[in-house]
Amino acid sequence: MPGSQAGQSPFKESEHGVPVGLRLPGVSLSHDGRPLFTGLDVRIEAGVTTCILGASGVGKSSLLRILAGLIAADNGVEAVGDHGAPLTGQCAYMDQRDSLLPWLDVLANVSLGNRLRRRPLNQERARKLLAEVGLAGRERDLPQTLSGGMRQRTALARTLMEDKPIVLMDEPFASVDSITRHRLQALSARLLTGRTVVLVTHDPLEALRLGHRIHVMSGHPATLDTALSPPGLPPRDPTDDALRQSYGELLARLAQESTNGAGQ
Amino acid sequence: MKAALRWFISFAGLVAAWWLVVILTGVEPFILPSPLLVVLKLIERWDYIFENAITTTIEILLGLLLGTVIGCFSALMVGHFRPARRWLMPMLVVSQAFPVFALAPILVLWLGYDMASKVAMATLIIFFPVTASFLDGLRRTEPGWVDLAATMTAGQSHARLRILWYIRIPAALPALGSGLRIAAATAPIGAIVGEWVGGSGGLGFAMLHANARMQVDLMFAALFVLACITLALYFTVDALVRRALPWSPDSALSVE
C-alpha cells in the first residue's frame, strides 16, 4: 500500500510511487429516477491531470464520488486501476468545502489521515507541506482564525499529506475569490505534478489552466467527449494566445453540447 | 464587571418588588413573608438549612453524573448501531411518556427513603435531554467531514468506529454541551420531587416540613438556597463546557 510506510523518509518529496491510471467501465447512476449516466466508460490517464468540465447538475460530482468510493453506482461498477486491481485506499479526495475540523489545529488537520488510520503522525512532513503552501508559523492556529484561501491551502496540504497516487478534486477552488483561486491553481499544479489527478469543474478557464486532458461532460444521460489536450504544460498562463484558442474550442464544444441537449 | 452589575440590579429589583407587594397588600407573614424575615430566618436556621442543602447537592451531583454517563452511553448506542436505533429509540420515547412525578412514589417504594431514590429521580429527569441532544449532535455531522474521513479510511478495518471516535463524537460535543446545560438546570427538580414524596433530609424535605408547620419564611429561605445551588451548578457547567470547547461557536452564545 503506497504511502502507508509513513515515517521511513519524511523528507522525500513523495512516496506515492508509480503513477496509477484508472478506469470505470460502463458505469450507470440515476438520481430521483432520472438517469445521470448509463453505461458511461471513463478512462483516466496515469500521472497527468484530467479535468472534467460540465454544467451544474450534469453528474460530474457524482461521477467523482463514485471514483472516490463515496457512493455506489447503480450497477455496482467500481473504479479499478490500470491493471484491473481495485483502487481502495489509493485516492485522496478534496472538494470546495475545506472540511477542516474546527477542534484541531492546522497541523493536526493536515495529519488527520494518519490519525484516522492510527499511523505515526509524521508531523515533520506535515510541517514541510504547510511551509510549501505558505502556512509556516500557523501550525498551532485553529481553522476559524484563517481566511478562506488559507483554509483551502490547509486542505491542499492535507490532501498532499495523504500521499496517494490518485487525487480526486471536486471544484476545489470554487469557494475562494478569483485572485486567491489563481494562486491556488498555480500552487496545486506545482505540488500535484506527477500524480494522477481528476479535477471536476464548471469553469473552462480553470480546466485550461490545470488540465493535461479536458473532457466535456454533458447531456441527459451524460456522456464524455474525447479529451482535448491543450498545448503547453499546466499551470498555463490565462493570457497566452494558444490558451485563448483552446478556450474558444472548449466553449464551442460546451455550446454544441448544450444545443444538442436542448434538442433532445 | 458590567454583567455582575446587571445581575445585581435585576436581583435587587426583584427583592424590591417583593417587598413592595408585602407592604402595599399588608399580606400576613405566614402567606408571604417580607424579604427581611426570610433573611433573618436564613441566618437563624442556617445550620439546619446548610445540612439539608448538602444532602440535596450531593443528590443533584450524583444524579447529574449518572444521568450524563447513561445519556451519553445510550446516545452512542443509538447513534452508532443500527439495530440499537430500531429497538432503543422507541423505548427512549416511551420512557418520556411516564411523568417523573408519577414515578417518584414507586422509586421511593423500591429504593427506600434515603438518597438512592432521589439520585434515581435526578438521573431519570436529566437522562433524556442529555441523550437527545448528544444524539442530535451525532447525527448532524458535517457531511464533508464524513466524506473526507471515509476516503481517508477506505479499506481500513474498524473505519466506522474510528470515524465515530475522531470525527462524529468531537463534532457532537457542542450539542452535548447544550444538553448538559439543560441537565444542570433541571437535575434539582428530580432531587426535590424525590424528597417531597418521601425523605428524611434535603431542601425539598425541609420545605415540605416547614410548609406543614406554616413556617413560610423558612420555606422561602430554603427555596432561596436551592435557587443559589441551581444557579451555581448551571454556571459551573456552562463555564466548563465553554472552556472545554473553545472552538465551538455555541460557546459564545450562552448567558454571559
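Conventions adopted
- Residues numbered from 1 in each chain as written.
- Chains lettered and ligands numbered in written order.
- Predicted model: local features only at pLDDT ≥ 70, side-chain atom pairs only at ≥ 80, totals over all residues.
- Heavy atoms only, no water.
- Pairing = 2+ DSSP bridges.
- Helix = DSSP H or I, 4+ residues; strand = E, 2+ residues; numbered from the N terminus.
- Contact = heavy atoms within 4.5 Å.
- Axes fitted to C-alpha atoms, helices over the stretch in contact; angles between N-to-C directions.
- 1 Å grid on protein atoms, 1.4 Å probe; cavity = no way out; pocket = protein on both sides within 12 Å on 5 of 7 lines; lining within 4 Å.
- Points joined across faces, edges and corners; volume = space filled by probe spheres on them.
- Buried area = accessible area lost by both parts, 1.4 Å probe.
- Salt bridge = Lys/Arg side-chain N within 4 Å of Asp/Glu carboxyl O.
- Polar contact = N/O pair within 3.5 Å; in protein donor to acceptor, adjacent residues only side chain to side chain.
- Nonpolar A, V, L, I, M, F, W, Y, C, P; charged D, E, K, R; others polar.
- Buried < 20%, exposed > 50% of the residue type's maximum accessible area, 1.4 Å probe, protein only.
- Phe/Tyr/Trp six-rings, centres within 6.5 Å; stacked < 30°, edge-to-face > 60°.
- Lys NZ or Arg CZ within 6 Å of the ring centre and 35° of its normal.

A.B. asks: Help me out: how do you make sense of the sheet that holds strand β1 (residues 22–31) of chain A in this one?
C.D. replies: Two modes of strand pairing occur in sheets, parallel and antiparallel, and in both the strands are linked by backbone hydrogen bonds. All names here are of chain A. On the basis of which strands lie adjacent, the open sheet formed by three strands has the order β2-β1-β4 and antiparallel pairing. A strand with exactly one partner marks an edge of an open sheet, and here the two such strands are β2 (34–44) and β4 (80–81). As paired elements, β1 and β2 share seven bridges and run antiparallel to each other. Its bridge partner lying in β2, leucine 29 is registered against phenylalanine 37. The strands touched by helix α1 (residues 60–67) are β1 and β2; relative to β1, the strand with the most contacts, the crossing angle is about 125°.

A.B. asks: Got a minute to help me understand the layout of surface pockets in this structure?
C.D. replies: Of the voids in this model, the largest pocket is the one considered here, and its volume is about 540 Å³. Around the largest pocket, the lining is made up of 16 residues, and of these Phe11(B), Leu14(B), Val15(B), Trp18(B) and Phe224(B) lie nearest the centre. The calculated volume of the second largest pocket comes to roughly 360 Å³. Lining the second largest pocket are 21 residues, with Ile66(A), Leu67(A), Ala68(A), Gly69(A) and Glu78(A) positioned closest to its centre. For the lining of the second largest pocket, the elements supplying multiple residues, two or more each, are α1 of chain A together with α7 (143–152) of chain B.

A.B. asks: Any chance you could explain the pairing of β1(A) here in plain terms?
C.D. replies: Regular strands show a simple pattern: their side chains alternate between the two faces of the sheet. Residues and elements named next belong to chain A. Connecting the antiparallel pair β1 and β2 is a turn made up of two residues, with aspartate 32 showing a positive phi of about 55°. Note: β1 against β4, two bridges, orientation antiparallel. Looking at β4, one finds that arginine 23 is bridged to valine 80.

A.B. asks: Looking at this model, I keep getting lost on the interface of chain A and chain B. Mind explaining?
C.D. replies: Note on interface size: it is often stated as the accessible area lost on association of the parts. At the junction of the two partners, chain A supplies 24 residues and chain B supplies 21 residues. Here chain A and chain B share an interface that buries about 2,100 Å² over both sides, 66% of which is from carbon and sulfur atoms. We note a salt bridge from Arg97(A) to Asp147(B), for which the minimum N-O separation is 3.4 Å. Counting every contact that joins chain A to chain B gives six residue pairs in polar contact (both at pLDDT 80 or more). Elements supplying a minimum of two residues to the side of chain A that touches chain B: β5 (91–95), α3 (112–116) and α5 (148–162) of chain A. The dominant element in the side of chain A that touches chain B, judged by the number of residues it contributes, is α3(A), at four residues. For the side of chain A that touches chain B, a count of residues per class yields 11 nonpolar, five polar and eight charged.

A.B. asks: Even after reading the chapter, I still don't get the pattern of salt bridges, so can you show me in this structure?
C.D. replies: Between side chains of opposite charge, a pair can form when the charged atoms approach closely. Using the criterion set out here, one finds 19 salt bridges over all chains in the structure. The salt bridge partner of Asp95(A) is Arg97(A), with a shortest N-O separation of 2.7 Å. For Arg97(A), a relative accessible area of 33% puts it in the partly exposed group. In this structure, the salt-bridge partner of Glu162(A) is Lys164(A), at a minimum N-O distance of 3.7 Å. Look at Glu162(A) and you get buried, because its relative accessible area is 5%. Here Lys164(A) falls in the buried class, since its relative accessible area comes to 6%. Connected through shared salt-bridge partners, Arg65(A), Asp95(A), Arg97(A) and Asp147(B) make up one network.

A.B. asks: What should I look at first to understand the packing of aromatic side chains in this one?
C.D. replies: Each aromatic ring pair is summarised here by two numbers: the centre-to-centre distance and the angle between the ring planes. Summed over the entire model, instances satisfying the criterion amount to seven aromatic pairs over all chains. Ring geometry for Phe11(B) versus Phe224(B): centroids 6.3 Å apart, planes at 45°, classification tilted. With Phe11(B) in helix α1 (residues 2–25) and Phe224(B) in helix α10 (residues 216–244), this pair connects stretches of sequence that are 213 residues apart. Classification of Phe11(B) as partly exposed rests on a relative accessible area of 45%. An angle of 35° between the planes, with centres 5.6 Å apart, marks the rings of Trp46(B) and Phe50(B) as tilted. Residue Trp46(B) and its partner Phe50(B) are located together in helix α3 (residues 46–80), separated by four residues, close to a single helical turn. Residue Trp46(B) is classed as partly exposed on the basis of its relative accessible area, which comes to 39%. When its relative accessible area of 41% is taken as the criterion, Phe50(B) is described as partly exposed. Members of the aromatic cluster, joined through ring pairs, are Trp103(A), Trp145(B) and Trp247(B). Lying over the aromatic face of Tyr48(B), Arg45(B) brings its terminal NZ or CZ to 4.7 Å of the ring centre.

Everything listed here is a matter of geometry and, on its own, says nothing about what the molecule does.
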